[in-house]
Amino acid sequence: MTLLPRSLRGRLIVLTVIVEVVMISAILWNSQRLAETHLLQQFELRRAETSRLMRAALAPAMAQHDYAAVSEILNDARQLQGMSYLVMFDDEDRRIASAAASELPGQSALEFLSGLPEDASRMDFHIAMEIEGRQYGELLIGLDLHFLNTARRDILTQNILLALFGILLTTAVLTAIALWLTRHLSALSSASRALAQGDRFSPLPGGGGDDIGRVVTAFNAMAAALHARMEELEAAELTQRELAERLLYMAESDPLTGLANRARFSAELERALEHVHRGPEHHGALLYFDIDEFKTINDTFGHRAGDNVLLRAANTIAKIVRADEMLARLGGDEFVILAPGADRAGAQALAERIVNAVRSIAFDFSGHQLGLTISLGIALFPEHGDSSENIVSHADAAMYQAKSSGKNCWRIYRPDLDDSEQMLHQLGWNDRIQRALDERRLVLHFQGIHSVRTGAVAHYEALVRMIDPDSPDSLLMPGNFIPAAEKSGRILDIDRWVIGDAIRVLAEEPELPALAINISARSFGEPGLAELIRSKLAAFEVEPQRLIVELTETGALANIHDAEAFMDDLHRLGCTVCLDDFGVGFSSFAYLKQLPADVLKIDGMFIRNLADDPSDQVFVRAIVEVARGLGKKTVAEFVGSDQTLEILRGLGVDYAQGYYLSRPEAVIRPT
């Protein structure tokens, strides 16, 4: 922290005074030093003169041993010369005379000097009494220095007074000069502060041709321009405030409905949960809902009609929501109501009012009278969660529980009906499937399809397996990951991999008659799948008739048009088509004319208990007769015993597959 003033003129004055004080102090010190030197020189002259006079006065008396005269001379000398004491000792070191204001110690010079008290204001010296080289004694003198100290003090006092006067006078003169020289700078500083505080600007006087004058002129011009700009800003302040309010509204509001948006809702939910954390007396509810069949309305009648639906629903519900509750639109047709302080009964009553209010809304779309319904879910906090993520997730899950109950209703969150864990499990499998594809951890195992008549292997079926990343020596069966893959769409990638790897095996095993692969229903309508098969067959130089493509009957019936087109594409390539799980559908026989399959694989539900259930035998016989009449081959899966095989042989089934005949293996055994 600096000790100098903040203003320029103050610093100039202080620094100038400091320099002046240093200079005057130096002069004062030098003057005092010279005076001290002069005084010492004068004192030395006096001491020498005293020694000479005393020696001249006392030497004769000492030579004549006239000690009375010596004593008289010493007394006169003390009174006239201002000495503290004078003591004369003879040549035998005996005190013979003295002059002093007080009693003096000792009778010899040694005793005298030993007993003499120290005194800083006295100077002791001695004078030898000699006449023509003979010493008659010694005179000890104590010279009083008070006059010297007084002279020093007087000189110092005068110098200090002169220095103080000089400093004060110089300070006053320099201050006046600094104030005069910096008057324009001070005015500039004051005007700058006033301008910064928003005070009205008045031009500064004093513009001239010197440097300061030019600065003042430039400042006046700058300040005038700044003042004009400030007036413009003041005029536009109202517009800026309105713009800021508009931006804040846009940041927190939904542009279509004017309700609070997701950002505003999230902030309010966090604030409500903070209150909940303070004690059990704080609680609330979150109502999450969307409009049933809103996508159908949008797709059928257009987005303008959809916007009208959202506006009508928002306006209707807004009339029900209380002032301390928040209605927000999260996006699309999803809305939430945050009800701090609401208990279970209050939340349920509010949900019932909202569902009934929306149910009463009627629309006329192009002559069609339509009503609206919503599905609403309720999550209570802290009962159903104490974080915003949990509350929103559970309210959303409760909404889907309402949809599962038939829509047009509300449901409060029930953990036992929450399929979130299943969805997380699904997401986990998605990642594992992708990593298995990336890390080449999918493998094919092969199970023989045997001739019922001879028992020989007619061809093989390729069955996909996944190497367990946590246990590389273990395999995961299709039932673990295929359902998840079908839901997520990863089955398309698996199908493409199976096609490529199976054709590679056919190329590496030229003696293998044929290899069957399974294609999921999701792939039937996949553009380019038939072209992929064609390109793989050509690349590996494999005859198309060696590839058998199995499609499940249920998948084919669900996508019958895509399945029929896909089968036609496979036939054009020269591949064999097998309809898997045949007989599961109620209309299996009716659709056989539309599905041009070459082989029917009878579903295992008719084969497992074939030996013990006559009705299964009836179904199998019917399938075989229809297939034979249409020129198709039949395959029975899940054959588990010799008895079952004999029955199949009697019924005329062409091929059989099951653990009784052979198990899936990692390599194809030569037949």
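Owing to the predicted nature of the structure, the values given are computational and were not obtained by experimental measurement. (Residues numbered from 1 in each chain as written. Predicted model: local features only at pLDDT ≥ 70, side-chain atom pairs only at ≥ 80, totals over all residues. Heavy atoms only, no water.)

For the rest of this paragraph, the subject is the overall build of the protein chain. Of regular secondary structure, the protein chain possesses 19 helices and 20 strands. Classification of the 671 residues of the protein chain by burial places 40% in the buried group. By element, 55% of the accessible surface of the protein chain is carried by carbon and sulfur atoms, the whole surface being about 36600 Å². (Helix = DSSP H or I, 4+ residues; strand = E, 2+ residues; numbered from the N terminus. Buried < 20%, exposed > 50% of the residue type's maximum accessible area, 1.4 Å probe, protein only. Areas by Shrake-Rupley, 256 points an atom, 1.4 Å probe, with all protein chains shown as cover.)

Residues lying three or four places apart along an α-helix face the same way, a consequence of the helix completing one turn every 3.6 residues. Compared with an ideal rise of 1.5 Å per residue, which puts 14 residues at 20 Å, helix H17 (residues 560–573) spans 20 Å between its outermost C-alpha atoms and is within 8% of the ideal. Among all positions of H17, only Ile560, Ala563, Phe566, Met567 and Leu570 are buried. End-on, the buried residues of H17 take up no more than an arc of 125 degrees, which puts them together on one face. In H17, those exposed residues whose orientation departs by more than 90 degrees from the buried face are His561 and Arg572. Following H17 by one or two positions, glycine 574 adopts a phi angle in the positive range, close to 100 degrees. (Expected span 1.5 Å × (residues − 1). Arc of directions from axis to C-beta.)

The subject of this paragraph is the sheet that holds strand S2 (residues 95–100). Strand order in this open sheet of 4 strands is S2-S1-S4-S3, and the pairing throughout is antiparallel. Strand pairing shows two members of the sheet lacking a second neighbour, S2 and strand S3 (122–131), which therefore form its edges. Direction aside, neighbouring strands of the sheet carry axes that sit 15 degrees apart on average. By the bridge criterion, 10 bridges tie S3 to strand S4 (residues 134–144) in an arrangement that is antiparallel. Residue methionine 123 lies in a different strand from S4, and its bridge partner there is leucine 143. (Pairing = 2+ DSSP bridges. Axes fitted to C-alpha atoms, helices over the stretch in contact; angles between N-to-C directions.)

Next up on the list: the side chain of histidine 459. Turning to its location among the elements, histidine 459 is positioned in strand S13 (residues 457–467). Assessed through its relative accessible area of 10%, histidine 459 is described here as buried. If near-sequence neighbours (up to four positions away) are discounted, histidine 459 is found in contact with Gln447, Gly448, Ile449, Ala514, Ala516 and Ile548. (Contact = heavy atoms within 4.5 Å.)

By the criterion of burial, S13 is predominantly enclosed, with 8 of the 11 residues buried. Relative to S13, strand S12 (residues 442–451) is paired through 9 bridges, and the arrangement is antiparallel. Bridge pairing in S13 links valine 443 to arginine 465. Sheet topology places S13 next to strand S15 (residues 515–519); 2 bridges connect them, and they run parallel. Residue pairing across strands places tyrosine 460 opposite leucine 515, the latter belonging to S15. Bridge analysis of S13 against strand S14 (residues 475–476) gives 2 bridges, and the strand direction is antiparallel. Residue pairing across strands places methionine 466 opposite leucine 476, the latter belonging to S14.

Scanning the entire structure with this criterion turns up 2 aromatic pairs. Seen in terms of ring centroids, phenylalanine 289 and phenylalanine 335 are 5.6 Å apart; in terms of plane orientation they differ by 10 degrees. Their pairing is stacked. Taken as a pair, phenylalanine 289 in strand S5 (residues 284–291) and phenylalanine 335 in strand S7 (residues 334–340) lie far apart in primary sequence, 46 residues in all. Take phenylalanine 289: its relative accessible area is 1%, and that puts it in the buried class. Its relative accessible area of 1% is what places phenylalanine 335 among the buried residues. Consider the rings of phenylalanine 606 and phenylalanine 619, whose centres lie 5.3 Å apart with planes at 35 degrees: the pair is tilted. Taken as a pair, phenylalanine 606 in the loop between strand S18 (599–602) and helix H18 (614–629) and phenylalanine 619 in helix H18 lie far apart in primary sequence, 13 residues in all. (Phe/Tyr/Trp six-rings, centres within 6.5 Å; stacked < 30°, edge-to-face > 60°.)

With an omega of 15 degrees, the peptide bond running from phenylalanine 381 to proline 382 counts as cis. By secondary structure assignment, the location of proline 382 is in the loop between strand S10 (374–381) and helix H11 (388–404). Residue arginine 440 is not a glycine yet carries a positive backbone phi of 55 degrees. Position of arginine 440 relative to the elements: it lies in the loop between helix H12 (420–438) and S12. Taking the relative accessible area as the measure of exposure, arginine 440 reaches 74% and is therefore exposed. Despite not being glycine, glutamate 541 shows a phi value in the positive range, around 55 degrees.

For lysine 601, the position within the fold is in strand S18. Since its relative accessible area comes to 1%, lysine 601 is described here as buried. Here the side chain of lysine 601 touches glutamate 461 through a polar contact of 3.0 Å, side chain to side chain. Residues in contact with lysine 601, not counting those within four places in the same chain, are Glu461, Glu550, Cys578, Leu579, Asp580, Asp581, Phe582, Val635, Glu637 and Gln657. (Polar contact = N/O pair within 3.5 Å; in protein donor to acceptor, adjacent residues only side chain to side chain.)

Strand order in the open sheet formed by 5 strands is S6-S7-S5-S10-S11, with mixed pairing between adjacent strands. Each of the sheet's edge strands pairs with one partner strand only, and the pair in question is strand S6 (326–331) and strand S11 (409–412). Strand after strand, the sheet turns through a mean of 20 degrees between neighbouring axes, direction not considered. As paired strands, S10 and S11 are joined by 4 bridges and run parallel to one another. Bridging from a neighbouring strand, leucine 376 pairs with tryptophan 410 of S11. Together, S5, S10 and S11 form the strand contacts of H11, whose direction differs from that of S10 by roughly 145 degrees.

If you walk through the whole model with that rule in mind, you get 23 salt bridges. For glutamate 526, the salt bridge identified is with arginine 496, shortest N-O distance 3.6 Å. With glutamate 526 in the loop between S15 and helix H15 (529–540) and arginine 496 in helix H14 (residues 491–508), this residue pair connects regions lying 30 residues apart in the sequence. Residue glutamate 526 is classed as partly exposed on the basis of its relative accessible area, which comes to 26%. Within the structure, one salt-bridge network assembled from shared partners comprises Glu252, Arg264, Glu268 and Arg271. (Salt bridge = Lys/Arg side-chain N within 4 Å of Asp/Glu carboxyl O.)

Right, let's talk about the layout of surface pockets for a bit. Empty space within the largest pocket amounts to approximately 990 Å³. Looking at the lining of the largest pocket, its residues break down into 18 nonpolar, 9 polar and 10 charged. (1 Å grid on protein atoms, 1.4 Å probe; cavity = no way out; pocket = protein on both sides within 12 Å on 5 of 7 lines; lining within 4 Å. Points joined across faces, edges and corners; volume = space filled by probe spheres on them. Nonpolar A, V, L, I, M, F, W, Y, C, P; charged D, E, K, R; others polar.)

This next bit is on the packing of helix H8 (residues 294–301) against helix H9 (residues 303–318). Running from N to C, H8 and H9 cross one another at 140 degrees; their axes reach a closest spacing of 6 Å. Of the possible angle classes, the one that applies to H8 and H9 is oblique. On H9, the residues that touch Phe294, Ile297, Asn298 and Phe301 of H8 are His303, Ala305, Gly306, Val309 and Leu310. For the contact of H8 with H9, the class distribution of residues is 6 nonpolar, 3 polar and no charged. (Parallel < 35°, antiparallel > 145°, perpendicular 65-115°, else oblique.)

All right, on to the packing of H18 against helix H19 (residues 642–651) then. Close contact between H18 and H19 brings their axes to 10 Å; oriented N to C, the two are set at 40 degrees. The orientation of H18 relative to H19 falls into the category oblique. The two elements H18 and H19 meet at a crossing, and its hand is right-handed. The segment H18 lies against H19, with Gln617, Val620, Arg621, Val624 and Arg628 engaging Ile647, Leu648 and Leu651. In the contact of H18 with H19, the residues fall into 5 nonpolar, 1 polar and 2 charged. (Left-handed = near helix turned anticlockwise from the far one by under 90°.)

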